[in-house]
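Residue strings, one per chain:
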There are 4 protein chains.
Amino acid sequence: MNKNDFARTPPMGWNSYDYYDTTVNEAQVRANAAFMAEHLREYGWEYVVVDIQWYAQKPGTRRQEFQYIPFSHLEMDEYSRLLPDPERFPSSAGGAGFGPLAEYVHSLGLKFGIHIMRGIPRLSAHLHGKIKGCAVTANEIADPTMICGWNSDMYGVRNRPEGQAYYDSLMELYAQWGVDYIKCDDICNLAMLPHKPYAARHEVEMIAKAIEKCGREIVLSLSPGPALLEQAGHYGKYANMWRITGDFWDDWSALKEMFWRCELWQDHVSPGCYPDCDMLPMGYVGKGFGQERKTNFTLEEQRTMMTLWCIFGAPLMLGAEMTLLEDDPETMSLLTNREVLGMLPPQCRPRQVVRDEDKAAWVAYNASEDRCYLAVFCLSDGGAQVQISRREVQQALEDVGMPGQLVLWGTELWCGETVEDRFDGDSLTFPLTAHGCKVYALSHTKDEQP
Amino acid sequence: MNKNDFARTPPMGWNSYDYYDTTVNEAQVRANAAFMAEHLREYGWEYVVVDIQWYAQKPGTRRQEFQYIPFSHLEMDEYSRLLPDPERFPSSAGGAGFGPLAEYVHSLGLKFGIHIMRGIPRLSAHLHGKIKGCAVTANEIADPTMICGWNSDMYGVRNRPEGQAYYDSLMELYAQWGVDYIKCDDICNLAMLPHKPYAARHEVEMIAKAIEKCGREIVLSLSPGPALLEQAGHYGKYANMWRITGDFWDDWSALKEMFWRCELWQDHVSPGCYPDCDMLPMGYVGKGFGQERKTNFTLEEQRTMMTLWCIFGAPLMLGAEMTLLEDDPETMSLLTNREVLGMLPPQCRPRQVVRDEDKAAWVAYNASEDRCYLAVFCLSDGGAQVQISRREVQQALEDVGMPGQLVLWGTELWCGETVEDRFDGDSLTFPLTAHGCKVYALSHTKDEQP
Amino acid sequence: MNKNDFARTPPMGWNSYDYYDTTVNEAQVRANAAFMAEHLREYGWEYVVVDIQWYAQKPGTRRQEFQYIPFSHLEMDEYSRLLPDPERFPSSAGGAGFGPLAEYVHSLGLKFGIHIMRGIPRLSAHLHGKIKGCAVTANEIADPTMICGWNSDMYGVRNRPEGQAYYDSLMELYAQWGVDYIKCDDICNLAMLPHKPYAARHEVEMIAKAIEKCGREIVLSLSPGPALLEQAGHYGKYANMWRITGDFWDDWSALKEMFWRCELWQDHVSPGCYPDCDMLPMGYVGKGFGQERKTNFTLEEQRTMMTLWCIFGAPLMLGAEMTLLEDDPETMSLLTNREVLGMLPPQCRPRQVVRDEDKAAWVAYNASEDRCYLAVFCLSDGGAQVQISRREVQQALEDVGMPGQLVLWGTELWCGETVEDRFDGDSLTFPLTAHGCKVYALSHTKDEQP
Amino acid sequence: MNKNDFARTPPMGWNSYDYYDTTVNEAQVRANAAFMAEHLREYGWEYVVVDIQWYAQKPGTRRQEFQYIPFSHLEMDEYSRLLPDPERFPSSAGGAGFGPLAEYVHSLGLKFGIHIMRGIPRLSAHLHGKIKGCAVTANEIADPTMICGWNSDMYGVRNRPEGQAYYDSLMELYAQWGVDYIKCDDICNLAMLPHKPYAARHEVEMIAKAIEKCGREIVLSLSPGPALLEQAGHYGKYANMWRITGDFWDDWSALKEMFWRCELWQDHVSPGCYPDCDMLPMGYVGKGFGQERKTNFTLEEQRTMMTLWCIFGAPLMLGAEMTLLEDDPETMSLLTNREVLGMLPPQCRPRQVVRDEDKAAWVAYNASEDRCYLAVFCLSDGGAQVQISRREVQQALEDVGMPGQLVLWGTELWCGETVEDRFDGDSLTFPLTAHGCKVYALSHTKDEQP
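Our subject in this report is the structure included herewith.

About the thresholds
- Residues numbered from 1 in each chain as written.
- Chains lettered and ligands numbered in written order.
- Predicted model: local features only at pLDDT ≥ 70, side-chain atom pairs only at ≥ 80, totals over all residues.
- Heavy atoms only, no water.
- Helix = DSSP H or I, 4+ residues; strand = E, 2+ residues; numbered from the N terminus.
- Rg over C-alpha atoms; globule rule 2.2 N^0.38 Å.
- Buried < 20%, exposed > 50% of the residue type's maximum accessible area, 1.4 Å probe, protein only.
- Contact = heavy atoms within 4.5 Å.
- Areas by Shrake-Rupley, 256 points an atom, 1.4 Å probe, with all protein chains shown as cover.
- Lys, Arg positive; Asp, Glu negative; His and termini not counted.
- Charge placed at Lys NZ, Arg CZ, Asp CG, Glu CD.
- Pairing = 2+ DSSP bridges.
- Axes fitted to C-alpha atoms, helices over the stretch in contact; angles between N-to-C directions.
- Least-squares fit on C-alpha atoms with pLDDT ≥ 70 in both.
- Buried area = accessible area lost by both parts, 1.4 Å probe.
- Salt bridge = Lys/Arg side-chain N within 4 Å of Asp/Glu carboxyl O.
- Nonpolar A, V, L, I, M, F, W, Y, C, P; charged D, E, K, R; others polar.
- Polar contact = N/O pair within 3.5 Å; in protein donor to acceptor, adjacent residues only side chain to side chain.
- Parallel < 35°, antiparallel > 145°, perpendicular 65-115°, else oblique.
- Left-handed = near helix turned anticlockwise from the far one by under 90°.

## Looking at the overall build of chain A
Link 1 in the chain: Looking only at helices and strands, chain A features 13 helices and 22 strands.
Link 2 in the chain: For 450 residues, the compact-globule formula gives about 22 Å, and the C-alpha radius of gyration of chain A, at 23 Å, lands near that figure.
Link 3 in the chain: Residue burial in chain A is summarised as follows: out of 450 residues, 62% are buried.
Link 4 in the chain: Considering only contacts in chain A between residues 6 or more positions apart, those separated by 24 or more positions represent 74%.
Link 5 in the chain: A total accessible area of about 15700 Å² is found for chain A, and carbon and sulfur atoms account for 47% of it.
Link 6 in the chain: Here chain A carries 41 positive and 63 negative side-chain charges, and the mean point of each set is 5 Å from the other.

## Side note on the sheet that holds strand β9 (residues 241-243) of chain C
All names here are of chain C.
Link 1 in the chain: Across the sheet, eight strands lie side by side as β10-β9-β8-β7-β3-β2-β1-β13; this open sheet has parallel pairing. Sheet topology places β10 (274-276) and β13 (316-318) at the edges, where each strand pairs with a single neighbour. Shown here is a sheet whose adjacent strand axes are inclined to one another by a mean of 25°, direction ignored.

## Structural notes on the relation of the copies chain C and chain B
Link 1 in the chain: Each copy superposes on the other: chain C lies on chain B with an RMSD of 0.0 Å after a rotation of 180° and an axial shift of 0.0 Å. The superposition of one copy onto the other is thereby described by a two-fold rotation axis. Of the C-alpha atoms belonging to chain C, the one lying closest to the rotation axis is found on C:D267, 3.3 Å away.
Link 2 in the chain: Most of the interface of chain C is mirrored in chain B: 100% of its interface residues are interface residues there too.

## Section: the interface of chain B and chain A
Link 1 in the chain: With 24 residues of chain B at the contact, the number on the chain A side is 24 residues.
Link 2 in the chain: Together, the buried faces of chain B and chain A total about 2100 Å²; carbon and sulfur atoms form 63% of this surface.
Link 3 in the chain: Where chain B meets chain A, there are two salt bridges.
Link 4 in the chain: Across the salt bridge formed by B:E140 and A:R62, the nearest N and O atoms sit 2.6 Å from each other.
Link 5 in the chain: Contributions of two or more residues to the side of chain B that touches chain A are made by α4 (122-127), α5 (138-141) and β5 (142-147) of chain B.
Link 6 in the chain: Here the element with the most residues in the side of chain B that touches chain A is α4(B); it accounts for five residues.
Link 7 in the chain: Considering only residue class, the side of chain B that touches chain A consists of 13 nonpolar, seven polar and four charged.

## Description of the environment of C:N240
Residues and elements named next belong to chain C.
Link 1 in the chain: Along the chain, N240 falls in the loop between α8 (232-238) and β9.
Link 2 in the chain: Along the primary structure N240 and C273 are separated by 33 residues, whereas in three dimensions their C-alpha atoms are 4.7 Å apart.
Link 3 in the chain: Apart from residues no more than four positions distant in its own chain, N240 is found in contact with K3, N4, F6, A7, I218, V219, L220, G272, C273 and Y274.
Link 4 in the chain: One polar contact links the side chain of N240 to the main-chain carbonyl oxygen of G272, over a distance of 3.2 Å.

## Remarks on the packing of helix α6 (residues 161-177) of chain A against helix α7 (residues 201-214) of chain A
When two helices pack together, their arrangement is given by the angle between their axes and by how far apart the axes lie.
Residues and elements named next belong to chain A.
Link 1 in the chain: Direction vectors running N to C along α6 and α7 enclose 45°, while the axes themselves pass 8 Å from each other. Here α6 is positioned oblique relative to α7, judged by the angle of their axes. Read as a crossing pair, α6 and α7 show a hand that is right-handed. Along its contact with α6, which presents G163, Q164, Y167, D168, M171, E172 and A175, the element α7 presents E203, M206, I207, K209, A210, I211, K213 and C214.

## Considerations on the interface of chain C and chain B
Link 1 in the chain: On the chain B side, the residues contacting the 15 residues of chain C number 15 residues.
Link 2 in the chain: Carbon and sulfur atoms supply 37% of the area that chain C and chain B bury against each other, a total of about 1100 Å² over both sides.
Link 3 in the chain: The interface formed by chain C and chain B includes three salt bridges.
Link 4 in the chain: Here chain C and chain B share eight residue pairs in polar contact (both at pLDDT 80 or more) between them.
Link 5 in the chain: Broken down by secondary-structure element, the contributors of at least two residues to the side of chain C that touches chain B are β14 (348-355) and α13 (390-399) of chain C.
Link 6 in the chain: Per-element tally for the side of chain C that touches chain B: the top contributor is α13(C), with three residues.

## Observations concerning the sheet that holds strand β4 (residues 120-121) of chain B
Each strand in a sheet pairs with its neighbour through backbone hydrogen bonds, running either in the same direction (parallel) or in the opposite one (antiparallel).
Residues and elements named next belong to chain B.
Link 1 in the chain: An order of β4-β6-β5 is seen for the three strands of this open sheet, with the pairing classed as antiparallel. In this open sheet, the two strands that pair with only one neighbour each are β4 and β5.
Link 2 in the chain: Bridge count for β4 against strand β6 (residues 154-157) is two bridges, and the pairing is antiparallel. In the sheet register, P121 faces β6, and the bridge partner there is M154.

## Focus: the pattern of salt bridges
Link 1 in the chain: Inspection of every chain in the model, using the stated rule, returns 138 salt bridges over all chains.
Link 2 in the chain: Between D:R391 and A:E212 there is a salt bridge, with the nearest N and O atoms lying 3.2 Å from each other. Of this pair, D:R391 sits in helix α13 (residues 390-399) while A:E212 sits in helix α7, each in a different chain.
Link 3 in the chain: Three or more residues joined by partner-sharing salt bridges are found here, namely A:R62, A:E65, B:E140, B:R160 and B:E162.

## A short note on the relation of the copies chain B and chain A
Link 1 in the chain: If you rotate chain B by 180° and push it 0.0 Å along the axis, it lands on chain A with an RMSD of 0.0 Å.
Link 2 in the chain: When the interface residues of chain B are mapped onto chain A, 100% of them again lie at the interface, so the same face is used by both copies.

## With respect to the environment of A:P11
Residue and element names in this part refer to chain A.
Link 1 in the chain: Structurally, the position occupied by P11 is in the segment before β1 (12-15).
Link 2 in the chain: Spatially, the C-alpha atoms of P11 and G272 are 9.3 Å apart, while their sequence positions differ by 261 residues.
Link 3 in the chain: Dropping the residues within four chain positions of it, P11 is found in contact with Y47, Y181, V219, M241, Y274, P315, L316 and M317.

Below you can see the structure in the form of structure tokens.
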């Protein structure tokens, strides 16, 4: 098995976190899955991911004080493996775990994912719980100094064969349930250890090995960010996605900053390897956080976000409560633009052309279809005539393999307007609104460069 | 009650750690106490301190792997309070705790001390254990992110009334047992939190308040070091001693470095407030660590250590297994020199005269007895003629309140030789051996300075 | 000579910086000196200090771009020593330097001070200028990597005998001029070298030696801050004052923060050794900066500032243009309160009683006059009933040597109101306005403590 | 002009630094150039680079104290531009500069390069020197706070049009001389500013623009390293090479560390963009440093170095005094292996297969010639049977574009031995000597992957 085969294109799906925080239940997951199957599947959206603390009892009931109630009761099997809270996930009762829910999601033609915290439950370590297929108990594999800085559920797992056995037993269980995607948290950049932020690298390796052993193609996503640039090789060797940012919300400054992050990581996008810009906070979000709202992003900002994620090649994980999109054609239009989604790798190779405080531009080239894209973004707070250098666009396209000369003739992918060459001498000018963008599919000559 | 009254002079005693590590048992403590009473009490030695993990079962049995066995069984009462391991401390059985052992120590005319880890047992937090006199359970007061970096026993206690209640219940119990001295660990400088090393300051305050409430005069000692100079005021307000160094062992480079530490902290020695240079690794040490040995320090180095600790005013906590001192007159001579011990505050106020790579000199002045001391140290690895400026010695003595002019006539406190003024013009020359010292009680004129 | 004799009490004076920045001229200095002699001398104000770049031509003429014009012409003698700009200081012409101005200041019964930048003029190093009494040239003693981060005039001086010779030649010249006070800048905490902020320690030593050699009692003041607490001993050995703060201006948050700084440094105030809180930005300030204004501090805040500086024992260096105080009785009242000024050491020993976000309290005890002071400060932005613990006040006074029991009967030093004991049980309540203070001279019983 | 066209393959040449330090003279440069033309040019070696301080008088004459004599006399023209020291470079006299020497080098069919320090001479700033084609003087464009931490010659240039004018005047002069290559120092990572190590980024841009304006194809090389990974995009946009390491010498630990550096930078090698591993310290080096020696590297280590530099795609800059290679066939053999040199990009795309403490392996694929390479390195201090995973080799080759399946049949490039498939199941074993390597040109099947 080659982990890069698990996700030949950036995963597209839905994640429960942005709307539900820790509180999502089975009915809600099913409703969202059904919506996706009916309205979004045909555009490539396919993962349905249950985020953090599905194993916790009554999460969210002390939200004023705690996001994660310290030392709360966690559902666990006899082998120190966490199980879905049966109160919230009734179909999991009687040891079925997420099997029935996964089966339902699969029945819709979709894939099923879960969030896990790195490690082994702290309580099990203190109680010397059993490990499946292994003589030693949980206290022997838990590392008491490796904790998460914001959640009290787990201890890190020591780098020893019995630790591997524990992760093997987890993946065996998840494979049995039918899990297709794992978002592993507190592993990509450890907040507790600012001087050793990738001290859990051995756990990344152990989880990757366990996935390989389990025989099921499970996409591995690492959180939280910001990922460490100098570890790009390690992430890419073991995982499919890694978060290059802290939690991303509907805030322009964070979106603007993402342009810098994408610049940093653009050389590390390849089939099966995706720097992850976090969920798309569109539609309705924030309910579980006590701040339910329509996204703070304007429509222009959302187009900017979708365009950047797509041309850069980030996974697309929708944060919106999908059932509320029924009457929201605007948001739906952002999620169903086949042309924009078509820029996602591996069809395309991306390259930033330029970025400064006021603007950014990216190109992508799809060699198999011999198709060029150019996206131009206005990062300033007022509208602007954004100027881009013809030579730099040409150069960037050559860098990603385009033969011949670019011809500025094509179609804007959001509004459909056609453009002819607007290059005024050496530069092209785009009239953009504040925080807005234009993205074009463009032509080029077939001739080789002189 | 005023905590500065609990220890008007730097505490002198014995601590089980240097010899026994985690393994000390009741018989051993009693034997050492008996030795102290018979041989050292008359010189001022009085505290008998049981160091770390007296509550743990079979500590030290996996010493190759762990100093502290992770998640090992801890003896605990119904109120989340740790109790002595009855296997090692038989008299503690049946709920007696350290009461009988303390009573024995008191019967010898000595005082009894224990080591504690900051916080509340992790297991109790996970099991939602009770807190005495308090409606909430341990999970509500334990802070899951406040852990010790090298020991898995405890969680820090949150800064809330119920946290205070827990510490109150601890001190109530310790007072009941007859504890006179508490060495609280993982509190003075938190290894886990290099960016917030004094994040447990509220626990220092809570423990100090609990001691005051309990009504017993319990000396409070904070570990580990290095203490933070900018927190000198806080340490001095709430504690009697605070470690200004990491663990100190029988290594010359660490001893040499202590001269720098003492320089830094010399303005912070006052009655009831003592910067702590850690235990004196003399005689036999290291057995529990699997490295039993006669101290690596030479006799000269030990004189240097004793002289520095005494003139600076550090607490004196002997690390040696005392019963092995029966036939060790050399070590005994270091512990029973009344003149040297007489330099300890509050009788004396200390001041460093000079320090560089090769030498150091300190003075102290005892105003009540109108007595001056001068200690000169050779810090270089070869013997040397150490030169000290007369003016600087005079200045330093004035700074600590000596009226009149120093007259260089007096007695060396280790060898008894008398000296006459050796000042050659402006400087005095001392022939010293490598790492050695001379310390003099000197005369001065009674006349006021012009 | 003993440098601690040069300033037995904290220096009080005026400094040209706060009002004139780099631009002050002779007439202005003379006018301020005359004002001081007539109106303030009798209260202890005596130093008249010419601050930075008195040697520069046309400083301040490009104030929009630069505070210090890079590479501007500097007046220099044949021995690489800077001289006053004769255009601004006409009496310095013909090689007289600051001699005539110092003579005038002395004739008024006052003392004369100058600011210098650490080091030797960069230009002289590049031109291989001569050094007085020394065979080598400036290039040999200038350290090309030791520069100031905000001023281009100087290079640091290497730690070698010829470097000492240069500083000797400087102090010889300054002594000849009649300089009584030197504020040496870019030496106490080097902004360019955040990892080695006290890398100029050898220059502190060289300057101190040069002062001693020159035979004139010249007060040495080190800038800028914040000084390094762990170097307290070094500062105190060689200098009379050292800045414990960055530049201090008329901003409440900076004044509030000074309470924390004073707490840190309170153990390091002694005769001849003064942690320096920087100038007092009162009256009119800021003209040279293009921001002439009456101080932003309210009257209450200025009382708080004066009270803190005095009870803590900081030098008092007035920043106001004094000639504008003629019609400003309010500001004058702050500068001429003999009772408040009387708290300055060495008569008094200070001690902080308590400090938190909302309040602070300090005591001081004058043993020679057997007089106690208590200052209470409101640090919150609204007025408050500030409560102080009777026991803590008593304890703090004992710490600074007061015998007997405090009796709360005395006079408030700013408004003259008398108070009787307002202790309500264990605490005393003071009604304070926002950012305001009360400071009392109080009585105590003569009886010894039990 | 496109800077990536200046160096379509990694530059290969000779640099005077490793052997001569600051002292090289014209005769020595000519002799080395002649040797290169006769013996090495045919293998691709073409640049002859005069390293640091060619403008300084009598450099190296105080080598015990200083590598760079502070404030020494620098040859300069009327426009603040440094000129070759005519004593060492006689042909430069009379304003000819490096013109004649460059002409000679060109006459040999080679290219000529020089080292420069970022910035403008400090002396000129202090003397207000002229700038060509510009009304302002040097003091206006020099930034007095931007200095080099180890050399006193220059100030950084401010980011303003007049600063650009200065760099334009420099490149105009260099183009006139016939310079083909500039190694700009103190620019890639500023030792003086650990918190802002790329604060000279604007000077990189200014130099790149000045090169473009000058109309001559001048390769731009940035030093010193380590370059900052997150600035990879900026380096690649403006420069041809950037040092990814501090100064590299003949020390195994530094060579071993280079494997980690190459791993970090492997995604940033492309035509015209080369992460730079510094000079090759082979043959005789160190004379100017007072440590003339045959390289400390063993022959095996040198093969390892050459193999890594070539397969990774680093520039090859020889440090040896070439005239001493006449009788050194062993070193010559390392420099003239066409097969090994043939792995340099752009023909090849490299990829690391694996790296740990004991071994490393790299592959490269030459698509135009459809040729595969595999290099295996022994990083441990004893010889070893190094095992490499077949799957990982295959995967890495696919990543760099190889179609089909690798067949392990080919030739070792250093010793010529042929190998047949030694894969034992999933892994291949190579018997390697300590610090040694094997590098193979291998075959692959033409079939597409299934």
